Amino acid sequence: KDSAGQFTRLLPPHFSRVIATDVSKAQVDQARIALREHNNVEIKIGGGERLEVEDASLHLVSTCQALHWFQLEQFYSEVSRVLVPGGALAVMGYHMTSPGPSVTHAN
């Protein structure tokens, strides 16, 4: 999740498939325009608590300036479900962020 694909636009050269989501239709529409030249990017309306992908299918889940919007327990559970073993969660923001108090380990 990020504003009109600002972070997402950095990913296509490094990954064979990029799936980006945002809860805002306006942001999704803007990102689709901004990223239209990338054939490996799919942009959907949706939140971080329910990702429409198979179990253990993603190598990276990232969120940029959006963690504070998520239901954290649901988000971390979903990340655990979708990441491949050894996959990574990258949380970026303008301020220091830390895992929720109930998170005791990373995948």
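Higher on the page you've got the structure.
Because the structure is a prediction, the values reported are computed rather than measured. (Residues numbered from 1 in each chain as written. Predicted model: local features only at pLDDT ≥ 70, side-chain atom pairs only at ≥ 80, totals over all residues. Heavy atoms only, no water.)

### Examining the overall build of the protein
Heads up, the condition is: Note on conventions: DSSP H or I runs of at least 4 residues are helices, E runs of at least 2 residues are strands, and numbering of each starts at the N terminus. Note on exposure labels: buried denotes an accessible area under 20% of the residue type's maximum, exposed denotes more than 50%, and partly exposed covers the range between, all computed with a 1.4 Å probe on protein chains only. In this analysis, two residues are considered to be in contact whenever any of their non-hydrogen atoms come within 4.5 Å of each other. We get accessible surface area from the Shrake-Rupley algorithm with a probe of 1.4 Å; when it comes to residues, only the shown protein chains can shield them.
The helix and strand tally for the protein stands at two helices and four strands. Relative to its 107 residues, the protein shows a buried fraction of 35%. Look at the contacts in the protein between residues 6 or more apart in sequence, and 61% of them connect residues 24 or more apart. When the accessible surface of the protein is summed, it comes to about 7000 Å², and 54% of that surface belongs to carbon and sulfur atoms.

### Quick notes on the layout of surface pockets
Note the following rule: Lining residues are defined by having an atom within 4 Å of a point belonging to a cavity or pocket. Those points lie on a 1 Å grid over the protein atoms alone, cavities being sets where a 1.4 Å probe fits but cannot get out and pockets being open sets with protein on both sides within 12 Å along at least five of seven lines. Grid points are joined across faces, edges and corners, and a volume is the space filled by probe spheres set on the points.
Computed from the structure, the largest pocket encloses a volume of approximately 620 Å³. Lining the largest pocket are 35 residues, and of these Ile19, Ala20, Leu60, Val61 and Ser62 sit closest to its centre. When residues of the lining of the largest pocket are traced back to their parent elements, those giving at least two are β1 (18–22), α1 (25–34), β2 (41–45) and β3 (58–64). A total of seven residues in the lining of the largest pocket trace back to one element, the largest contributor, which is β3.

### What about the pairing of β3?
Threshold: Here, strands pair whenever DSSP counts at least two bridges between them. A crossover gets the label right-handed when its path from the first strand over the helix to the second runs clockwise, viewed with the strands pointing away from the viewer.
Note: β3 against strand β4 (residues 83–92), six bridges, orientation parallel. Bridging across to β4, leucine 58 finds its partner in leucine 83. The parallel pair β3 and β4 is bridged by helix α2 (residues 72–82), and the resulting crossover is right-handed.

### Concerning the pattern of salt bridges
What counts here: The salt bridge criterion pairs a side-chain nitrogen of Lys or Arg with a carboxyl oxygen of Asp or Glu, the two atoms within 4 Å.
Per the counting criterion, the structure on display carries seven salt bridges. A salt bridge links aspartate 29 to lysine 25; the nearest nitrogen and oxygen atoms lie 2.8 Å apart. In this pair, aspartate 29 and lysine 25 are both assigned in helix α1, four residues apart and thus about one turn of the helix distant. With its nearest N and O atoms 2.7 Å apart, the salt bridge here joins glutamate 78 to arginine 81. Of the two residues, glutamate 78 and arginine 81 both sit in helix α2, three residues apart, roughly one turn of that helix.

### Digging into the nonpolar core
Filter applied, for reference: Buried Ala, Val, Leu, Ile, Met, Phe, Trp, Tyr and Cys residues form a nonpolar core when they are joined through side-chain atoms within 4.5 Å.
Of all hydrophobic cores here, the largest spans 12 residues; its members are Leu51, Val53, Leu58, Val61, Ala66, Leu67, Phe70, Phe75, Tyr76, Val79, Val82 and Leu83. Per element, the largest residue contribution to this core is four residues, and it comes from α2. Core analysis: the next-biggest nonpolar cluster, separate from the first, contains nine residues, Phe7, Leu11, Ala31 and Val41 among them.

### Side note on the packing of aromatic side chains
The cut-off we apply is this: Aromatic rings from Phe, Tyr and Trp, with only the six-membered ring used for Trp, were paired whenever their centres fell within 6.5 Å, and each pair was classed as stacked if the ring planes differed by under 30 degrees, edge-to-face if by over 60, and tilted otherwise.
As enumerated under the stated definition, the model contains two aromatic pairs in all. A centroid spacing of 5.6 Å and a plane angle of 55° characterise the contact between phenylalanine 75 and tyrosine 76, whose relative ring orientation is tilted. Judged on exposure class, the residue phenylalanine 75 and its partner tyrosine 76 are both buried. Of the aromatic side chains, those joined through ring pairs into one cluster are Phe70, Phe75 and Tyr76.

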